[in-house]
Amino acid sequence: MPRAPGWLILSEIALELAALAVVERATLCSVKPAGPPRFLADVADSGARYLRAGDGAVAFAVGLYSDGRVRIVDAVGRRFSGEVYDARARMFEVGGDDYFEIFIEPAPGDSMRLRLRGGSYDDRLLDCEAWPR
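What counts as what
- Chains are numbered independently. Their residues run from 1 in the order of the written sequence.
- Confidence filtering applies because this is a predicted model: local features only for residues at pLDDT of at least 70, side-chain atom pairs given and counted only at 80 or more, and all residues used for totals across whole chains, interfaces and linings.
- Side-chain measures here rest on the full set of heavy atoms in the structure, leaving out hydrogens and waters.
- Each residue carries a pLDDT score, the predictor's own confidence in it, on a scale running from 0 to 100.
- Every helix listed is a DSSP run of H or I at least four residues long, and every strand listed is a run of E at least two residues long, numbered separately from the N terminus.
- Buried residues are those whose accessible area, probed at 1.4 Å on protein chains only, stays under 20% of the maximum for their type, while exposed residues exceed 50% and partly exposed ones sit between those limits.
- We call two residues in contact when some of their heavy atoms are within 4.5 Å.
- Under the rule applied, a polar contact is a pair of N or O atoms within 3.5 Å (in protein, one hydrogen donor and one hydrogen acceptor; residues adjacent in sequence only if both atoms are side-chain atoms).
- Salt bridges are defined by distance alone: a side-chain nitrogen of Lys or Arg within 4 Å of a carboxyl oxygen of Asp or Glu.
- A pair of strands is treated as paired once DSSP finds two or more bridges between them.

Caption draft 1: Structural context of the confidence of the model for the chain. Summing up the model confidence of the chain, the mean pLDDT is 82 and the portion of residues at 70 or higher is 74%. The secondary structure element of the chain with the lowest average pLDDT is helix H1 (residues 6-30), at 54, and the one with the highest is strand S5 (residues 88-93), at 96.

Caption draft 2: Inspection of the environment of Asp45 at higher detail. Note on placement: Asp45 falls in the loop between helix H2 (38-41) and strand S1 (49-54). A residue is classified by how much of its surface remains accessible, and Asp45, at 26% relative accessible area, is partly exposed. A C-alpha to C-alpha distance of 7.1 Å links Asp45 and Ser66, two positions 21 residues apart in sequence. Dropping the residues within four chain positions of it, Asp45 is found in contact with Tyr65, Ser66 and Asp67. A distance of 2.9 Å separates a polar side-chain atom of Asp45 from the backbone nitrogen of Ala48. Only 2.7 Å separates the side chain of Asp45 from the side chain of Ser66, close enough to count as a polar contact.

Caption draft 3: The pattern of salt bridges, seen in detail. What the rule picks out here adds up to 12 salt bridges. A salt bridge links Asp42 to Arg38, with the nearest nitrogen and oxygen atoms 3.9 Å apart. Shared partners join several salt bridges into a network, and the residues in it are Asp74, Arg78, Glu93 and Asp98.

Caption draft 4: Up close: the pairing of strand S2 (residues 59-64). Burial analysis of S2 places five of its six residues in the buried class, the great majority of the element. In terms of strand pairing, S1 meets S2 through six bridges, oriented antiparallel. Counterpart to Arg52 in the pairing with S2 is Ala61. In this structure, the hairpin formed by S1 and S2 is closed by a connection of four residues, where Gly56 is found at a positive phi of approximately 100°. Bridging between S2 and strand S3 (residues 69-74) involves five bridges; their strand directions are antiparallel. Counterpart to Gly63 in the pairing with S3 is Arg71. Taking the residues between adjacent antiparallel strands as the criterion, S2 and S3 are bridged by four residues, where Gly68 takes a positive phi near 100°.

Caption draft 5: Seen up close, unusual backbone geometry. At Asp86, a position not held by glycine, the phi torsion is positive, near 50°. Secondary-structure assignment places Asp86 in the loop between strand S4 (79-85) and S5. You will see that Asp110, though not glycine, has its phi angle at about 60°, which is positive. Looking at where Asp110 falls in the secondary structure, it is placed in the loop between strand S6 (99-107) and strand S7 (111-117). A relative accessible area of 83% means that Asp110 is categorised as exposed.

In structure tokens form, the structure reads like this:
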């Protein structure tokens, strides 16, 4: 019985892994934990605000602090840190190479949006909601 070429077997495995990654990402985006991730709560001050931000494909947990710092955890657990100046922050991945900018914009209903530019989250607009207490 003839064997399939090695490249064909590797292609099938790669396709299966890609499909599993898409399913896992979709599942993680829909999960809404009870409280903010520990990375956000570790530096909390009395003026800290916790938000959930998302657009259906991307989900973030966001911590905004009274001294201007901002921290973000994405749906796969990557952590980003930055500092807000004039409603804008450069976010750098903690222990990684990814980065992006966020622009904080007002949204209807006394809410806000995050406009993302650069890195793996380029050209996204995320609606924010306060983290339920």
